[in-house]
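Listed below, chain by chain, are the residues.
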Amino acid sequence: MSALELKVPPVAVVLVFGVAMWLVSVNVPSLAIGSPWRIVVAAALAGAGLVISMIAVVAFRKARTTVNPTRPGTTSALVTSGVYGLSRNPMYVGILLALTGWAVFLSHTLVFAFLPAYVAYMNRFQISPEERALSVNFGSEFVAYKQSVRRWL
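Residues numbered from 1 in each chain as written. Predicted model: local features only at pLDDT ≥ 70, side-chain atom pairs only at ≥ 80, totals over all residues. Heavy atoms only, no water.

(A) Layout of helix H2 (residues 38–62). Compared with an ideal rise of 1.5 Å per residue, which puts 25 residues at 36 Å, H2 spans 36 Å between its outermost C-alpha atoms and is within 8% of the ideal. Buried within H2 we find Ala42, Gly49, Ser53, Ala56, Ala59 and Phe60. In this structure, the buried side of H2 is in contact with helix H3 (90–106). Once H2 finishes, Arg64 follows within two positions and takes phi at roughly 55 degrees, a positive value. (Helix = DSSP H or I, 4+ residues; strand = E, 2+ residues; numbered from the N terminus. Expected span 1.5 Å × (residues − 1). Buried < 20%, exposed > 50% of the residue type's maximum accessible area, 1.4 Å probe, protein only. Contact = heavy atoms within 4.5 Å.)

This is how it looks when you write it as structure tokens:
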């Protein structure tokens, strides 16, 4: 299983999850749910997710460190302020919010099961390897950060 670590870019993971959610929603119509507010709620969640992710990317750019999640060993700075003071992985939190918005838009009971699956996948194959690399690169500084800021929220 470790062969998947850091191999699939998170953007590709999101696309796979998003398409899978859509396929379930169109192929199992009996579990669809309706809500008059779904478009507004979906847009708000997805919009908030995109804003959080973009703020996180801007913080990396300001610190002049890589945003490439498949090469955490090339990280040149540990970003711990701003949104990184609330979550060690605000980009992934933003993606989760966007996927939640997509689930609300699709309004199908089964698609919500993809959300914890996304978190589990990211924890195992993306975040854990990233954190191992950051521990090597930043040692006690990363350990202290890891103890003071939660992985997700």
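(B) Structural view of the environment of Ala98. Inspection of the secondary structure puts Ala98 in helix H3. By relative accessible area, which is 21% here, Ala98 ends up partly exposed. The spatial distance from the C-alpha of Ala98 to the C-alpha of Lys62 is 24 Å, given a sequence separation of 36 residues. Apart from the residues lying within four places of it in its own chain, the contact partners of Ala98 are Leu45, Ala46 and Gly49.

(C) Broad picture of the packing of aromatic side chains. In this structure the tally under the stated criterion is seven aromatic pairs. Ring geometry for Phe17 versus Tyr118: centroids 6.0 Å apart, planes at 85 degrees, classification edge-to-face. With Phe17 in helix H1 (residues 10–27) and Tyr118 in helix H4 (residues 114–148), this residue pair connects regions lying 101 residues apart in the sequence. A ring pair is formed by Tyr121 and Phe125, whose centres lie 5.0 Å apart and whose planes are at 40 degrees; its orientation type is tilted. With Tyr121 and Phe125 both in helix H4 and four residues apart, this pair spans about one turn of that helix. Ring pairs connect the aromatic residues Phe17, Phe114, Tyr118 and Trp152, which therefore count as one cluster. Just above the ring of Phe105 sits the side chain of Arg38; from NZ or CZ to the centre is 5.0 Å. (Phe/Tyr/Trp six-rings, centres within 6.5 Å; stacked < 30°, edge-to-face > 60°. Lys NZ or Arg CZ within 6 Å of the ring centre and 35° of its normal.)

(D) Representation of H1 within the structure. End to end, H1 covers 26 Å across 18 residues, agreeing with the expected 26 Å (1.5 Å per residue, within 8%). Where the residues of H1 are buried, they touch H3 and H4.

(E) Geometry of a nonpolar patch on the surface. A contiguous nonpolar patch, built from Val19, Trp22, Leu23 and Val26 and spanning about 350 Å² of accessible area, is present on the exposed surface. Looking at the secondary structure, you find Val26 in helix H1. Residue Val26 is classed as partly exposed on the basis of its relative accessible area, which comes to 42%. (Patch = residues over 30% accessible without salt bridge, like charges linked within 9 Å, V, L, I, M, F, W, Y side chains within 5 Å. Areas by Shrake-Rupley, 256 points an atom, 1.4 Å probe, with all protein chains shown as cover. Salt bridge = Lys/Arg side-chain N within 4 Å of Asp/Glu carboxyl O.)

(F) Structural detail: the layout of surface pockets. In this structure, the largest pocket occupies an estimated 680 Å³ of space. Along the wall of the largest pocket there are 32 residues; nearest its centre are Phe60, Val67, Pro69, Met91 and Tyr92. For the lining of the largest pocket, the secondary structure elements donating two or more residues are H1, H2, H3 and H4. With six residues, the top contributor of residues to the lining of the largest pocket is H3. Along the lines of polarity and charge, the residues of the lining of the largest pocket split into 23 nonpolar, six polar and three charged. (1 Å grid on protein atoms, 1.4 Å probe; cavity = no way out; pocket = protein on both sides within 12 Å on 5 of 7 lines; lining within 4 Å. Points joined across faces, edges and corners; volume = space filled by probe spheres on them. Nonpolar A, V, L, I, M, F, W, Y, C, P; charged D, E, K, R; others polar.)

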